[in-house]
Amino acid sequence: DVYKRQELPLFGSNLFSGFPISFNQSEVVSPSTEYIYRIGDEVSFSLFGGQNLASTQMIANEGSIDIQSIGRLMIAGLSISEAQRKFQAFVDDKLIGVEAYLSLKSYRAKQVYSLGNVKKPGLYYLNSTSTSLNGIVAAGGFGDNASLRTIEVLSSNNQRQVIDLYDFLIYGSVTSDIILKNGDRVLVGALENSVRIFGEVNRPALYEITSSCLLYTSPS
């Protein structure tokens, strides 16, 4: 039998193969307005009107920025949109007729653990827009006995979400992918149940099955 278990590729696993990588800074992708400011992020702010001011600062360890001659404003833990509203309200309370603008200049890389059945388990530094899939790619992709249908994302407060990649692999849907937070752990489980599909089919491979799944194949 030329299609022995070890000779059939695990369906989808090759799409995530790569070399272990880390991003020490986020360089390219601009975050959405729902990005949450963190200590160590660098922000730019400016005032126009009765008083003009432009400055760039790193969010301090206590989570604040220091606005010259006005005071300190806590923004760590707020989204970009929330912080902008708070900044404008803070300035309105101190000054009359001044427009205030606050924006993210650069953001600190987040620490994420990729564990389990990945090629290079360990701690990785990813940019703030990275998802669970990025965490797997950063660790070199899936290991030989990986489950693509039982991927857990464990948060620092022990909340648990499970990802099944077959929706992505078959339909291209990324709705189950999760944007990672600092300290999250991506845990790839082990392959348990599978079937071999080979012969006159477009994608001969080893397919993972679950107790409630339907197996999709495409005859040639």
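Residues numbered from 1 in each chain as written. Predicted model: local features only at pLDDT ≥ 70, side-chain atom pairs only at ≥ 80, totals over all residues. Heavy atoms only, no water.

Asks: Go over the overall build of the protein with me, naming the residues and quoting the values.
Replies: Across its full length, the protein carries three helices and 12 strands. Here the analysis covers contacts within the protein between residues at least 6 apart in sequence; of these, 57% occur between residues at least 24 apart. Summed over its atoms, the accessible surface of the protein is roughly 12,200 Å², and 51% of this surface lies on carbon and sulfur atoms. (Helix = DSSP H or I, 4+ residues; strand = E, 2+ residues; numbered from the N terminus. Contact = heavy atoms within 4.5 Å. Areas by Shrake-Rupley, 256 points an atom, 1.4 Å probe, with all protein chains shown as cover.)

Asks: An account of the pairing of strand 2 (residues 53-58) is requested, with residue identities and associated values reported.
Replies: Where strand 1 (residues 42-49) lies against strand 2, six bridges are found, and the strand directions are antiparallel. In the sheet register, Ser44 faces strand 2, and the bridge partner there is Thr56. Where strand 1 folds back onto strand 2 in an antiparallel hairpin, the turn is made up of three residues. (Pairing = 2+ DSSP bridges.)

Asks: Let's hear about the sheet that holds strand 9 (residues 160-163): which residues, and what values?
Replies: The five strands lie next to each other as 7-6-10-8-9, forming an open sheet whose pairing is mixed. If you trace the sheet from one side to the other, it starts and ends with strand 7 (122-126) and strand 9, each paired once. If you compare each strand with its neighbour and ignore which way they point, the axes differ by 25° on average. Note: strand 6 (residues 110-116) against strand 10 (residues 185-190), four bridges, orientation parallel. Across the sheet, residue Gly116 finds its bridge partner in strand 10, namely Val188. (Axes fitted to C-alpha atoms, helices over the stretch in contact; angles between N-to-C directions.)

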